Amino acid sequence: MIVVVGAGIAGISAALAIAGGSGETELDSGQPGQDVLLISKTSFTMSNTFCAQGGIAAAVADDDSPEMHAHDTLIAGDGLCDREAVAILTTEGAREVKALARNLVHFDRDGSGQLQHGMEGAHGIARILHAGGDATGYVMENDLASVAALNPRIHILEHAFLESLRACDGEIEGLRVHIDLDAEMSAMLRKVYETRADDEVVHELRARAGSDGDGAVEIAARSVILATGGAGQAYEYTTNPEIATGDGVAAAWRVGARIQDAEFYQFHPTALAAKKHFLVSEAVRGEGAVLLDSAGERYMPDIDPRAELAARDIVARANFRTMQRQGGDPVRLDVTVLAERHQDLAAFLKRRFPTLDHFTKKEGLDWATSPIPVTPAAHYWMGGIHTDLWGRTTVPGLYAAGECARTGVHGANRLASNSLLEGLVFGRRAGIAAVMDAAASRADGSPVDDNGVDDSGVDSNRVNSNRVGSNRVDSNRVDAVRPFPDGTPHISGHIPTREEIQRLMWTNVGVIRRESDLKQAVHTLFEWLQTMDAVYAHRFANGVQRGGGAKGQSETLGGGKPESPLQFEESKASSATTFMENRNLVTVGYLIAKAALNRPESLGAHARE
């Protein structure tokens, strides 16, 4: 059975393509259907997709074209996009979005029933489709998840944390997950199981996980698709949910997968400067909102002719530098200027941006009458697991799609609202490739030929043929600490807290980067990684019980009186899952920092001083 890890738009698209065989959904691959295990880290519909306020970019209007969309994508990517990947994104994306809009996804429409198209930064034309105003990810996730949940070939395992991948002789042979056996089933799945029997595959996995009392289970699989999202929790300021801890990228790197363009982390220009850094969608500026400094003056027209609608990296750096000049105080986003076009501005904002309107009011802000404070925040990772055009990584049997993958479509800077489209298109492609590769392997062990799936495998020369200055972090840059012969690692280092990791990454590997800061970050992260790898090895060597619950709610890693400095540090971790998430954040943080240090020039979202 093929396993898909991650239940956002990329993971669900892959699962629907694999299950196939019915022609009942717009994402059906047309191939004979297969059973697939779809793993969700928390409840089924909770993902980065679920939290996405912005829309999905697609050339579906009569005055638009995939070529025009590709042009804007390439410009935003700052010369680092794979042109073939971009052409696939915009062409297949337009076709798939049109199909979804016909009868599956509830996109916003005007009074006459026509799709509404919004404008966002760096797009040459209004081509952004929204759903639920500013709840596009929520609507798409639920619409697609409802189809997946009803498909008997898709077995959905909720509340399962990816601990590691298993490889033998350089090929994937399975994975290990931790299932939170106390977590409640999502409402969507409860409703499904009211009309049919419980899923036997999932029931068996949960039974195995509970047999030892720790929730851990090994799953054999020759094909694994990672769709685990990004790693925004590596940063102190982020728009990402708490589950975005880089689990898939870290696991892939540990089994030797190539990680590419890791330095390119996009910082969204406008997150609400509050306790929770809630995303203020690009679409707000698309409607005409402007940015102001502490003196109430606009500054973007002096920086870029597109002003507030310049590419995200440009606006983010402008906001960051303006904040530096005014002593760290946030800049302001002024939507009151829209009152010229909307007589009842408060009513318009509530209708157009219901989620954001609710949150600003919850924070005591009236954005219809006063500018709101905003700041840049880590938002999207353009780099990640290197794949070919069909999601294949450099490890046979391992595929990747969505934010955790580096497909080549984003280059050095992602164009606004291209992320959902990438997950949709390349999730489906990864699912098709996994099915076709498995069929070819069963038949005669030969590579896939010309049956609609690219046969280039992971030939980096072909994949990179249209790229400029690719920066790669090879998997041998850091050797994981192995258990010592007597089972006890002989190092005593520091295990960082989540806050320490985030603070280091924001300060040293953030919006503006300096060589000295990057060197310090690489050194510190490497030391932390060595210690955490040693602790991880020590736990298994000594059979320490693993907690499987939520952050801060399960057993400590250590037990009893600490017997060494290493065990003392180990005993401070709040839970096994928290420890492993933090280890993943240190891992991806090191990859980002090392890649950023290796690239001395500024390019796209990577800005050096």
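Residues numbered from 1 in each chain as written. Predicted model: local features only at pLDDT ≥ 70, side-chain atom pairs only at ≥ 80, totals over all residues. Heavy atoms only, no water.

## Points about the overall build of the chain
Turning to step 1, where the next piece is worked out: Each helix and strand in the chain was counted, giving 17 helices and 18 strands.
Turning to step 2, where the next piece is worked out: Looking at the chain residue by residue over its 609 residues, the buried ones come to 61%.
Turning to step 3, where the next piece is worked out: Contacts in the chain between residues at least 24 apart in sequence constitute 75% of all its contacts with a sequence separation of at least 6.
Turning to step 4, where the next piece is worked out: As displayed, the chain has an accessible area near 23000 Å², and 48% of this comes from carbon and sulfur atoms. (Helix = DSSP H or I, 4+ residues; strand = E, 2+ residues; numbered from the N terminus. Buried < 20%, exposed > 50% of the residue type's maximum accessible area, 1.4 Å probe, protein only. Contact = heavy atoms within 4.5 Å. Areas by Shrake-Rupley, 256 points an atom, 1.4 Å probe, with all protein chains shown as cover.)

## Comments concerning the nonpolar core
Turning to step 1, where the next piece is worked out: Core analysis: the biggest nonpolar cluster contains 74 residues, and Ile39, Leu175, Val224, Leu226 and Tyr235 have the highest contact counts within it.
Turning to step 2, where the next piece is worked out: A total of 12 residues in this core trace back to one element, the largest contributor, which is helix H17 (residues 576–598).
Turning to step 3, where the next piece is worked out: Ignoring sequence-local partners within four residues, the contact set of Leu226 consists of Val5, Leu162, Leu165, Gly248, Ala252, Ile385, Leu398, Tyr399, Ala400, Ala401 and Cys404.
Turning to step 4, where the next piece is worked out: Ile12, Ala15, Val105 and Ala434 belong to the second largest nonpolar core, which has 58 residues in total. (Core = buried A, V, L, I, M, F, W, Y, C linked by side-chain atoms within 4.5 Å.)

## Topic: the confidence of the model for the chain
Turning to step 1, where the next piece is worked out: Per-residue pLDDT for the chain has a mean of 85; in total, 83% of the residues score no lower than 70.
Turning to step 2, where the next piece is worked out: Ignoring residues within four places in sequence, the model shows residues 541–573, a span with pLDDT below 50, making 69 contacts including any to other chains. (pLDDT = per-residue confidence, 0-100.)

## A word on the sheet that holds strand E12 (residues 290–292)
Turning to step 1, where the next piece is worked out: Across the sheet, four strands lie side by side as E11-E14-E13-E12; this open sheet has antiparallel pairing. With partners counted over all chains shown, the strands left at the sheet margins are strand E11 (265–272) and E12, one partner each. Ignoring strand direction, the axes of neighbouring strands in this sheet form an average angle of 45 degrees.
Turning to step 2, where the next piece is worked out: Note: strand E13 (residues 331–334) against strand E14 (residues 372–381), three bridges, orientation antiparallel. The partner of Arg332 across the bridge, within E14, is Pro373.
Turning to step 3, where the next piece is worked out: In the packing of helix H9 (residues 312–325) onto the sheet, contacts are made with E11, E12, E13 and E14, and the angle to E11 comes to roughly 60 degrees. (Pairing = 2+ DSSP bridges. Axes fitted to C-alpha atoms, helices over the stretch in contact; angles between N-to-C directions.)

## Brief notes about the packing of helix H14 (residues 498–508) against H17
Turning to step 1, where the next piece is worked out: Where H14 meets H17, the closest approach of the two axes is 10 Å, and the angle between their N-to-C directions is 15 degrees. As summarised for this structure, H14 and H17 are arranged roughly parallel, according to the angle between their axes. Along this stretch, H14 crosses H17, giving a crossing that reads as left-handed. Only Thr578, Glu581, Asn582, Leu585, Val586, Gly589 and Ile592 of H17 make contact with H14, whose side of the interface consists of Arg498, Ile501 and Met505. (Parallel < 35°, antiparallel > 145°, perpendicular 65-115°, else oblique. Left-handed = near helix turned anticlockwise from the far one by under 90°.)

## Topic: H9
Turning to step 1, where the next piece is worked out: Taking 1.5 Å per residue, 14 residues should reach 20 Å; H9 reaches 20 Å between its end C-alpha atoms and fits that length.
Turning to step 2, where the next piece is worked out: In terms of residue burial, H9 counts as a mostly covered element, since 10 of its 14 residues are buried.
Turning to step 3, where the next piece is worked out: Looking only at H9, the buried set comprises Arg312, Asp313, Val315, Ala316, Arg317, Ala318, Asn319, Phe320, Thr322 and Met323.
Turning to step 4, where the next piece is worked out: Phi turns positive, to about 70 degrees, at Gly327, one or two residues after H9. (Expected span 1.5 Å × (residues − 1).)

## Details of the pattern of salt bridges
Turning to step 1, where the next piece is worked out: In this structure the tally under the stated criterion is 29 salt bridges.
Turning to step 2, where the next piece is worked out: Its salt-bridge partner being Arg127, residue Asp72 comes within 2.8 Å of it at the nearest N-O pair. In this pair, Asp72 sits in helix H2 (residues 66–76) while Arg127 sits in the loop between helix H3 (83–103) and strand E4 (128–129), placing the two residues 55 residues apart along the sequence. Taken as a pair, Asp72 and Arg127 share a single burial class, namely buried.
Turning to step 3, where the next piece is worked out: Among the ionic pairs, Glu282 bridges to Arg285, the shortest N-O distance being 3.5 Å. Taken together, the positions of Glu282 and Arg285, both in helix H8 (residues 282–286) and three residues apart, correspond to about one turn of that helix. Considered together, Glu282 and Arg285 belong to a single accessibility category, that of buried residues. (Salt bridge = Lys/Arg side-chain N within 4 Å of Asp/Glu carboxyl O.)

## Quick notes on the packing of helix H1 (residues 9–19) against helix H4 (residues 136–150)
Turning to step 1, where the next piece is worked out: It is at 10 Å that the axes of H1 and H4 come closest, and there the two elements cross at 25 degrees. As the angle between them shows, H1 and H4 are arranged roughly parallel. Remark: the crossing between H1 and H4 carries left-handed chirality. The segment H1 lies against H4, with Ile9, Ile12 and Leu16 engaging Met140, Glu141, Leu144, Ala145, Val147 and Ala148.
Turning to step 2, where the next piece is worked out: In terms of residue class, the contact of H1 with H4 is made up of eight nonpolar, no polar and one charged. (Nonpolar A, V, L, I, M, F, W, Y, C, P; charged D, E, K, R; others polar.)

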